[in-house]
Amino acid sequence: MFSLTRDIIDYHALTEQVRRNDCGAVVTFLGTVRELTEGKQTVALDYEAYPEMAEKKLAEIEREVRSRWPVGDVVMVHRLGHLELGEISVAVAVSCPHRDQAFAACRYAIDRVKEIVPIWKKENWADGSTEWVDPTQAHG
Amino acid sequence: MKIRLFARAKDLAAAERIDVDLPPGATVGELRRRIGEQYPALAALLARSALAVNEEFAHDGLTLPVNADVALLPPVSGG
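None of these values were measured; they are calculated from a predicted model.

Engineer: Please clarify how the overall build of chain B should be interpreted in this entry.
Structural biologist: A count of helices and strands for chain B gives 3 helices and 5 strands. Starting at the N terminus and walking to the C terminus, you meet the elements of chain B as β-α-β-α-α-β-β-β. Taking 79 residues into account, the globule formula puts the C-alpha radius of gyration at 12 Å, and chain B, at 11 Å, falls close to it. Structurally, chain B occupies a C-alpha span of about 30 × 30 × 20 Å along its principal axes. Every one of the 79 residues in chain B was classed for burial, and the buried ones make up 46%. By element, 52% of the accessible surface of chain B is carried by carbon and sulfur atoms, the whole surface being about 3800 Å². Averaging the positions of the 9 positive and the 10 negative side-chain charges in chain B gives two centres separated by 5 Å.

Listed below in structure tokens is the structure:
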């Protein structure tokens with residue numbers, strides 16, 4: 001299961017959603033808005049998506065996770081819009097029979113989200129400037 | 001053909017969509033060149049960007065289907 005939302009992510013609910021008796025491990029990852037990046041101070045982030053394609057890619061990632069590990073359940077939620085420091089931008093919760101599987105599956109899922117889902121983040125720096133993050137460009 | 005823009009591409013073009021002149025049967029690579037020619041402000045970002053056709057990443061060799069939904073996707077930065 002996966003979704004895009006503009007609402008605050010209820011990670012307790014997501015964790016409960018995947019917890020089940022045939023699994024001994026639940027791993028929940030939260031991505032949060034961090035204040036410092038390469039010495040620059042963030043005051044907020046804005047997230048934008050190509051929603052139709054983002055949902056397709058999230059569905060694809062779910063299929064990949066389920067094909068690689070014995071997953072009880074997996075849920076991925078990405079928040080869009082304006083986020084303040086410390087807020088949760090993305091959550092991935094996975095349940096598996098064993099913890100090695102759950103850790104690996106959750107790690108894989110968030111890495112893939114960051115790799116292929118058409119979502120973009122814009123830094124709002126403390127000096128008042130804004131900048132769309134570009135992972136292909138090294139900062140000076 | 002109309003190309004949907006996102007993130008920095010949208011800012012650079014000051015538009016959510018741009019119009020590109022392209023003959024029928026053109027490839028994604030030809031579209032990429034045309035975008036850079038018609039919208040020079042996008043050229044540098046374009047070189048690092050993906051093009052999506054009908055909500056899938058498209059390689060430059062792909063022939064554009066009729067009535068395709070095409071989008072210019074700068075390097076993604078979700079999560």
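Engineer: Can you help me understand the sheet that holds strand 2 (residues 25–32) of chain A in this one?
Structural biologist: Backbone hydrogen bonds are what pair the strands of a sheet, in a parallel or an antiparallel way. Residue and element names in this part refer to chain A. A sheet is described by the order of its strands in space; here 4 strands give the open sequence 1-5-7-2, paired in mixed fashion. Strands with a single pairing partner mark the edges of an open sheet, and in this sheet they are strand 1 (2–5) and strand 2. Pairs of neighbouring strands in the sheet enclose a mean axial angle of 10°, with direction left out of account. Where helix 3 (residues 99–116) meets the sheet, its contacts fall on strand 2, strand 5 (73–79) and strand 7 (88–96), and the angle it forms with strand 7 comes to roughly 145°.

Engineer: Where do I start with the environment of A:Ser89 in this structure?
Structural biologist: For A:Ser89, the location among the structural elements is in strand 7. In this structure the C-alpha to C-alpha distance between A:Ser89 and A:Arg6, which are 83 residues apart in sequence, comes to 9.7 Å. The contacts of A:Ser89, once residues within four sequence positions are left out, are A:Ile9, A:Gly31, A:Thr32, A:Tyr47, A:Val77, A:His78, A:Arg79, A:Leu83 and B:Gly79.

Engineer: What is the right way to read the interface of chain B and chain A from this model?
Structural biologist: Often, the extent of an interface is quoted as the loss of accessible area on bringing the components together. Listed by partner, the interface residues are 20 residues for chain B and 27 residues for chain A. Taken over both partners, the interface formed by chain B and chain A buries close to 2100 Å², and the fraction arising from carbon and sulfur atoms is 55%. Seen at the junction of chain B and chain A, the total is 5 salt bridges. A:Lys57 is paired through a salt bridge with B:Glu56; the nearest N and O atoms lie 3.2 Å apart. Taken together, the links from chain B to chain A amount to 15 residue pairs in polar contact (both at pLDDT 80 or more). Those elements that place two or more of their residues in the side of chain B that touches chain A are helix 1 (7–13), strand 4 (56–58) and strand 5 (70–73) of chain B. Considering each element in turn, the side of chain B that touches chain A owes the most residues, 4 residues, to helix 1 of chain B. Looking at the side of chain B that touches chain A residue by residue, the class counts come to 9 nonpolar, 4 polar and 7 charged.

How each quantity is defined
- Residues numbered from 1 in each chain as written.
- Chains lettered and ligands numbered in written order.
- Predicted model: local features only at pLDDT ≥ 70, side-chain atom pairs only at ≥ 80, totals over all residues.
- Heavy atoms only, no water.
- Helix = DSSP H or I, 4+ residues; strand = E, 2+ residues; numbered from the N terminus.
- Rg over C-alpha atoms; globule rule 2.2 N^0.38 Å.
- Buried < 20%, exposed > 50% of the residue type's maximum accessible area, 1.4 Å probe, protein only.
- Areas by Shrake-Rupley, 256 points an atom, 1.4 Å probe, with all protein chains shown as cover.
- Lys, Arg positive; Asp, Glu negative; His and termini not counted.
- Charge placed at Lys NZ, Arg CZ, Asp CG, Glu CD.
- Pairing = 2+ DSSP bridges.
- Axes fitted to C-alpha atoms, helices over the stretch in contact; angles between N-to-C directions.
- Contact = heavy atoms within 4.5 Å.
- Buried area = accessible area lost by both parts, 1.4 Å probe.
- Salt bridge = Lys/Arg side-chain N within 4 Å of Asp/Glu carboxyl O.
- Polar contact = N/O pair within 3.5 Å; in protein donor to acceptor, adjacent residues only side chain to side chain.
- Nonpolar A, V, L, I, M, F, W, Y, C, P; charged D, E, K, R; others polar.

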